[in-house]
Amino acid sequence: MRKRNESVTVEHERVAAAPAPLDKGCSLRHSLHLPAAAAAADTGMKRPLGRRYGLWFRLRKLMFWLLGVYIAIPFLVKLCPAIQAKLVFLNFVRVPYFIDLKRPQDQGLNHTCNYYLQPEEDVTIGVWHTVPAALWKNARGKDQLWFEDALGSSHPVILYLHGNAGTRGGDHRVELYKVLSSLGYHVVTFDYRGWGDSIGSPSERGMTYDALHVFDWIKARSGDNPVYIWGHSLGTGVATNLVRRLCERETPPDALILESPFTNIREEARSHPFSIYRYFPGFDWFFLDPITTSGIKFANDENVKYISCSLLILHAEDDPVVPFHLGKKLYNIAATSRSFQDYKVQFVPFHTDLGYRHKYIYRSPELPRILR
């Protein structure tokens with residue numbers, strides 16, 4: 001019995017000590033494996049580390065790429081001033097999209113007619129004429145000749161000069177036309193050359209000439225009816241250019257209304273809250289000088305010194321595009337100018353709580369009283 005147990009033990013030891021089996025290539029098969037839990041832990045450790053390293057590498061690469069673009073843009077603008085001009089005009093931004101400017105009735109303007117005028121050779125501008133709400137029923141189905149004759153009716157006319165970007169069919173602009181129409185005004189507005197469906201290349205001189213052409217077109221049909229000029233944002237620069245020229249030729253408008261105005265385009269660009277380069281070294285040289293090189297000044301602060309008609313300035317305190325302090329500064333310049341000694345100059349601020357911001361002053365219930 002003892003021998004049998006000893007033989008079993010010896011046999012067991014032989015089996016345990018037996019060499020690992022050989023495969024067909026006479027190489028040892030590896031039968032030693034890590035426990036499953038240990039292998040899984042090792043793999044799980046490597047994957048997060050690999051992922052973190054790969055994510056950090058991609059993030060760092062993106063940061064270097066963005067930094068390179070950020071530094072390159074000022075040099076690109078300096079070498080190509082036309083880029084800065086495009087950023088000032090933003091005429092390539094057409095909002096809202098997919099509207100037919102030939103059909104103002106699609107925007108709820110059923111008492112509006114679409115015209116096309118030609119200020120210069122190879123330049124055509126699209127014009128909308130909205131009659132006072134009192135003439136709404138008579139205007140239905142009428143042609144352009146009827147609308148032109150209607151300018152001679154006993155209603156004042158407002159020539160509206162819109163700001164950069166968008167078209168004469170912009171939502172906030174359309175809402176203002178409706179408000180002014182309800183107050184008894186004819187509203188004539190247009191897209192400068194290069195905007196909307198107007199043909200031509202944009203420039204400050206060209207925009208001013210377009211406005212002068214439309215003003216003369218209105219005066220030739222409106223008789224003795226008052227004609228007011230209303231400029232908004234960048235349109236205030238066009239408006240003061242226009243009115244200064246009209247005053248110099250002794251045919252001033254009956255009043256000038258500036259909504260959200262600035263002093264001049266350089267100060268506006270320097271104060272613009274959306275400018276990410278305001279603190280960039282050499283900001284003036286890189287960004288502001290190319291604007292001047294492109295012939296863009298829109299010098300409202302200089303123009304008001306040569307304007308002789310009543311002036312009304314409207315500005316919201318929470319305006320995020322044209323800072324409120326620029327409108328106030330322009331008012332202070334105008335109020336002390338000799339050219340306004342015999343005319344009323346008024347500044348109307350709108351409190352931040354009202355939320356009118358840059359383009360919603362038309363919502364003010366006080367607007368009818370202010371205009372009266």
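If you're wondering where the values come from, they're calculated on a predicted model, not measured in any experiment.

Thresholds applied
Residues numbered from 1 in each chain as written. Predicted model: local features only at pLDDT ≥ 70, side-chain atom pairs only at ≥ 80, totals over all residues. Heavy atoms only, no water. Buried < 20%, exposed > 50% of the residue type's maximum accessible area, 1.4 Å probe, protein only. Helix = DSSP H or I, 4+ residues; strand = E, 2+ residues; numbered from the N terminus. Pairing = 2+ DSSP bridges. Right-handed = clockwise from strand over helix to strand, strands pointing away. Phe/Tyr/Trp six-rings, centres within 6.5 Å; stacked < 30°, edge-to-face > 60°. Lys NZ or Arg CZ within 6 Å of the ring centre and 35° of its normal. 1 Å grid on protein atoms, 1.4 Å probe; cavity = no way out; pocket = protein on both sides within 12 Å on 5 of 7 lines; lining within 4 Å. Points joined across faces, edges and corners; volume = space filled by probe spheres on them. Nonpolar A, V, L, I, M, F, W, Y, C, P; charged D, E, K, R; others polar. Axes fitted to C-alpha atoms, helices over the stretch in contact; angles between N-to-C directions. Contact = heavy atoms within 4.5 Å.

### A closer look at the pairing of strand 3 (residues 157–161)
Within a regular beta strand, the side chains point alternately toward one face of the sheet and then the other, so they alternate between its two faces.
Point 1. Across the five residues of strand 3, five count as buried, placing the element largely inside the fold.
Point 2. Neither face of strand 3 is left uncovered, since the one carrying Val 157, Leu 159 and Leu 161 and the one carrying Ile 158 and Tyr 160 both have all their residues buried.
Point 3. Looking at chain direction, strand 3 and strand 4 (residues 186–190) are connected through four bridges and run parallel. Looking at the pairing, Val 157 lines up with His 186 of strand 4.
Point 4. Handedness of the crossover is the feature at issue here: the chain leaves strand 3, passes through helix 6 (residues 171–182), returns alongside strand 4, and the resulting connection is right-handed.
Point 5. Pairing of strand 3 with strand 5 (residues 227–232) involves five bridges; the strand directions are parallel. Paired with Tyr 160 across the strands is Trp 230, a residue of strand 5.

### Points about the packing of aromatic side chains
Point 1. According to the stated counting rule, one finds 12 aromatic pairs in the structure shown.
Point 2. Between the aromatic rings of Tyr 185 and Tyr 228, the centroid separation amounts to 6.3 Å while the plane-to-plane angle is 75°, which identifies the pairing as edge-to-face. Residue Tyr 185 is located in the loop between helix 6 and strand 4, and its partner Tyr 228 is located in strand 5; the two are separated by 43 residues in the primary sequence.
Point 3. Using a relative accessible area of 12% as the deciding quantity, one classes Tyr 185 as buried.
Point 4. For Tyr 228, a relative accessible area of 21% gives the class partly exposed.
Point 5. Ring pairs connect the aromatic residues Phe 89, Phe 190, Tyr 192 and Trp 195, which therefore count as one cluster.
Point 6. Across from the ring centre of Trp 146, 5.7 Å away, lies the NZ or CZ of Lys 142, which sits over that ring.

### Notes on empty space enclosed by the protein
Point 1. According to the stated counting rule, one finds one cavity of 30 Å³ or more in the structure shown.
Point 2. Reported here for the largest cavity is a volume of approximately 60 Å³.
Point 3. Every residue along the wall of the largest cavity is listed here: Tyr 160, His 172, Arg 173, Leu 176, His 232, Glu 259, Lys 359 and Tyr 362.
Point 4. Top contributing element to the lining of the largest cavity by residue count: helix 6, with three residues.
Point 5. For the lining of the largest cavity, the class distribution of residues is three nonpolar, two polar and three charged.

### A word on the sheet that holds strand 1 (residues 112–120)
Point 1. With respect to topology, eight strands assemble into an open sheet ordered 1-2-4-3-5-6-7-8, the strand pairing being mixed. If you trace the sheet from one side to the other, it starts and ends with strand 1 and strand 8 (345–350), each paired once. The average undirected angle you get between the axes of adjacent strands in this sheet is 20°.
Point 2. Pairing between strand 7 (residues 310–316) and strand 8: six bridges, direction parallel. What sits directly across from Leu 312, in strand 8, is Gln 346.
Point 3. Contacting strand 1, strand 2 (123–130), strand 3, strand 4 and strand 5, helix 7 (residues 204–222) crosses the sheet at an angle of about 120° to strand 1.

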